[in-house]
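Structural overview for review
Spelled out from the first residue to the last, the chains are:
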Amino acid sequence: MSTPPISITSERSGSVVAKGATDELSAALMKHAGFQQIDDWHGRRHRLPTTTSSADKAAVATHAAEMLRAARYQVDLPPSLDTTEMITPARPFGPYVASAEVEQLTQRIGAARDGDEFRRAVDHLLHPEYGVLECVREALEVAGEHVNDLDHDAYDQADQFAYAAGDISSALTGLAEMGDALRDLKAEGQPEVPALSPAPGSSDSQKAALASSPAATKAAVAPAADNIAPRTSTTVPRPNAPGPRR
């Protein structure tokens, strides 16, 4: 037999009151969370001390609701007292933790400095088993099946979920075909620069000096200059060798 839900509310006076925790277990959980028990002609109820700060009221109420729900009680808790539902600068997505993780992935994709970083970030979207899109596709598919289990007449809703899952599946197929193009991706403005090689027989100190020389550093970081006309030749003519003396 189900029991009536325990209701935790904030009154106009600012007091936080819980009603419905009338058995010994729920009452003990309320007191453990920090509520004071009141038994009078109105019946049993629980109230937070009037000296409790606003931030602590929400924290204690949320903690009490979590313990009660873990003990299989139904609890009504308004968003104003539920810290897991609150949207704050530290938690801009509130209870939508999956959305917060996708937002972090979005920032990672946008901050990629080269093709390798970009591919690694995008793989979290497109991985055929664990990628975000595949997880969303599966969630839509399950939603379409379960909404029909809950209501056998909800054909339209089930179809809409199935159509959305199919659209994502088609998108994944198309995106998977551009794998080769992503492997050839290069960062714009960063052309490949051939490494300077030391002459045969060079000593280790000469090799180290060449690797740290200003010319090598400049060659590694210099941007491409589109407004410089290409050279027609890089060959320097050698002077004529003097003839043999007579």
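Being a predicted model, the structure only gives us computed values, none of them experimental.

1. Focus on the overall build of the protein
From N to C terminus, the protein includes 9 helices and 5 strands. Mapped in sequence order, the helices and strands of the protein form the string β-β-α-β-β-α-β-α-α-α-α-α-α-α. The long-range fraction of contacts in the protein, counting pairs at least 24 apart against all pairs at least 6 apart in sequence, stands at 42%. Of the roughly 18300 Å² of accessible surface on the protein, a fraction of 55% belongs to carbon and sulfur atoms.

2. Regarding the packing of helix α3 (residues 97–110) against helix α4 (residues 115–126)
At their nearest, the axes of α3 and α4 sit 9 Å apart, and the two run at 155° to each other. Taken together, the axis directions place α3 and α4 in an arrangement best described as roughly antiparallel. α3 and α4 meet at a crossing whose hand is left-handed. Only Phe 118, Arg 120, Ala 121, Val 122, His 124 and Leu 125 of α4 make contact with α3, whose side of the interface consists of Leu 105, Arg 108 and Ile 109.

3. What about helix α5 (residues 132–150)?
Across its 19 residues, α5 extends 26 Å between first and last C-alpha, which sits within 8% of the 27 Å expected from 1.5 Å per residue. Buried within α5 are the following residues: Glu 134, Arg 137, Leu 140, Gly 144 and Val 147. Axial view of α5: buried residues confined to an arc of 165°, hence all on one face. In α5, the exposed positions angled more than 90 degrees off the buried face are occupied by Asp 149 and Leu 150. Residues of α5 that are buried in the fold lie against α6 (155–176).

4. Here's the deal with the side chain of Arg 45
Mapping Arg 45 onto the fold places it in strand β4 (residues 43–47). Residue class for Arg 45 comes out buried when judged on its relative accessible area of 14%. For Arg 45, the side chain forms a polar contact with the side chain of Asp 40, separated by 2.8 Å. Those residues in contact with Arg 45, other than ones at most four positions away along the chain, are Val 17, Ala 18, Lys 19, Gln 36, Gln 37, Ile 38 and Asp 40.

5. Brief notes about the side chain of Thr 52
Of note, Thr 52 is situated in the loop between β4 and α2 (54–70). In this structure Thr 52 comes out as buried when scored by relative accessible area, which is 17%. A polar contact of 2.8 Å, which involves the side chain of Thr 52, links it to the backbone oxygen of Pro 49.

6. Some thoughts on the sheet that holds β4
The 5 strands lie next to each other as β3-β4-β2-β1-β5, forming an open sheet whose pairing is mixed. At either margin of the open sheet sits one strand with a lone partner, and together these are β3 (36–40) and β5 (75–76). Packing against the sheet, helix α1 (residues 24–33) makes contact with β1 (6–10), β2 (16–19), β3 and β4, and its axis sits at approximately 25° to β4. Of the strands in this sheet, β1, β2 and β5 are in contact with α2, which crosses β1 at around 175°.

7. Details of the pattern of salt bridges
If you walk through the whole model with that rule in mind, you get 8 salt bridges. In this structure, the salt-bridge partner of Arg 44 is Asp 39, at a minimum N-O distance of 3.2 Å. On the basis of relative accessibility, which here comes to 23%, the residue Arg 44 falls in the partly exposed class. A salt bridge links Glu 141 to Arg 137, with the shortest nitrogen-to-oxygen separation between them at 3.1 Å. Of the two residues, Glu 141 and Arg 137 are both situated in helix α5; the distance of 4 residues between them amounts to about one turn of the helix. We classify Glu 141 as partly exposed; its relative accessible area is 38%. Taking the relative accessible area as the measure of exposure, Arg 137 reaches 14% and is therefore buried.

8. What to know about the pairing of β2
As paired elements, β1 and β2 share 4 bridges and run antiparallel to each other. When the sheet's bridge partners are listed, Ser 7 is paired in β2 with Lys 19. Bridging between β2 and β4 involves 3 bridges; their strand directions are antiparallel. Within β4, the position partnered with Val 17 by the bridge is Arg 47.

The rules behind these values
- Residues numbered from 1 in each chain as written.
- Predicted model: local features only at pLDDT ≥ 70, side-chain atom pairs only at ≥ 80, totals over all residues.
- Heavy atoms only, no water.
- Helix = DSSP H or I, 4+ residues; strand = E, 2+ residues; numbered from the N terminus.
- Contact = heavy atoms within 4.5 Å.
- Areas by Shrake-Rupley, 256 points an atom, 1.4 Å probe, with all protein chains shown as cover.
- Axes fitted to C-alpha atoms, helices over the stretch in contact; angles between N-to-C directions.
- Parallel < 35°, antiparallel > 145°, perpendicular 65-115°, else oblique.
- Left-handed = near helix turned anticlockwise from the far one by under 90°.
- Expected span 1.5 Å × (residues − 1).
- Buried < 20%, exposed > 50% of the residue type's maximum accessible area, 1.4 Å probe, protein only.
- Arc of directions from axis to C-beta.
- Polar contact = N/O pair within 3.5 Å; in protein donor to acceptor, adjacent residues only side chain to side chain.
- Pairing = 2+ DSSP bridges.
- Salt bridge = Lys/Arg side-chain N within 4 Å of Asp/Glu carboxyl O.

Scope: geometric values only; no functional claims are made or implied.
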